[in-house]
Amino acid sequence: MKKVTMFVMETCPHCIKALEFLDRLKKEHPEYQQIEIERIDEEAHPDIANRYDYWLVPTFYVGEEKLHEGVPTLDKVERVLKTALEA
């Protein structure tokens, strides 16, 4: 299993939706609750955000691999969690 790093902005409506999807998926699939998800607000921590290659939030990395960037869907967020669980 690998850690998920998620880049967000507090006021981003797509980030809020992605977080709702994460909560929903963790409730529906208890196995996802064991995945470590580090949430980094790019405005609060630009020093960390600047070390990664992305343009849009939310962005999800599993380990060092970027798996999703931009407008989330339930399926795309679940793909991130499945990949983290299987790694």
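Residues numbered from 1 in each chain as written. Predicted model: local features only at pLDDT ≥ 70, side-chain atom pairs only at ≥ 80, totals over all residues. Heavy atoms only, no water.

## Regarding the pairing of strand β2 (residues 37–41)
Looking down a regular strand, the side chains alternate between one sheet face and the other. The pairing of strand β1 (residues 4–8) with β2 spans five bridges and is classified as parallel. When the sheet's bridge partners are listed, Met6 is paired in β2 with Arg39. What joins β1 to β2 is helix α1 (residues 13–28), and the crossover it makes is right-handed. (Pairing = 2+ DSSP bridges. Helix = DSSP H or I, 4+ residues; strand = E, 2+ residues; numbered from the N terminus. Right-handed = clockwise from strand over helix to strand, strands pointing away.)

## Some details on the nonpolar core
Formed by 25 residues in total, the largest nonpolar core has its most connected members in Val4, Phe7 and Phe60. If you list the elements that add at least two residues to this core, you get β1, α1, β3 (59–62) and α3 (74–86). Apart from the residues within four sequence positions on either side, Phe7 is in contact with Ile40, Ile48, Ala49, Tyr52, Tyr54, Val57, Pro58, Thr59 and Tyr61. (Core = buried A, V, L, I, M, F, W, Y, C linked by side-chain atoms within 4.5 Å. Buried < 20%, exposed > 50% of the residue type's maximum accessible area, 1.4 Å probe, protein only. Contact = heavy atoms within 4.5 Å.)

## With respect to the environment of Leu85
Structurally, Leu85 can be placed in helix α3. Residue Leu85 is classed as partly exposed on the basis of its relative accessible area, which comes to 26%. Considered as a pair, Leu85 and Glu31 are 54 residues apart in the sequence and their alpha carbons are 8.3 Å apart. Aside from chain neighbours lying at most four places away, what touches Leu85 is Met1, Glu31, Tyr32, Gln34 and Ile35.

## Quick look at the pairing of β3
Here β3 shows a buried face lined by Thr59 and Tyr61 and a second buried face lined by Phe60 and Val62. Strand direction decides the pairing type here: β1 and β3, joined by four bridges, are antiparallel. Looking at the pairing, Thr5 lines up with Tyr61 of β3. Both β3 and strand β4 (residues 65–69) contribute to a ladder of four bridges, which runs antiparallel. Note on β4: the bridge partner recorded for Thr59 is Glu69.

## Details of the packing of aromatic side chains
Overall, the coordinates contain four aromatic pairs when judged by the stated rule. The interplanar angle of 85 degrees and the centroid separation of 6.1 Å between the aromatic rings of Phe7 and Tyr61 together place this pair among those described as edge-to-face. Of the two residues, Phe7 is situated in strand β1 and Tyr61 in strand β3; the sequence distance between them amounts to 54 residues. No difference in accessibility class separates Phe7 from Tyr61, as the two residues are buried. Plain terms: the ring middles of Tyr52 and Tyr61 are 4.9 Å apart, the flat faces sit at 65 degrees to each other, and that makes the pair edge-to-face. Of the residues examined, Tyr52 reaches a relative accessible area of 25% and is grouped as partly exposed. Members of the aromatic cluster, joined through ring pairs, are Phe7, Tyr52, Tyr54 and Tyr61. (Phe/Tyr/Trp six-rings, centres within 6.5 Å; stacked < 30°, edge-to-face > 60°.)

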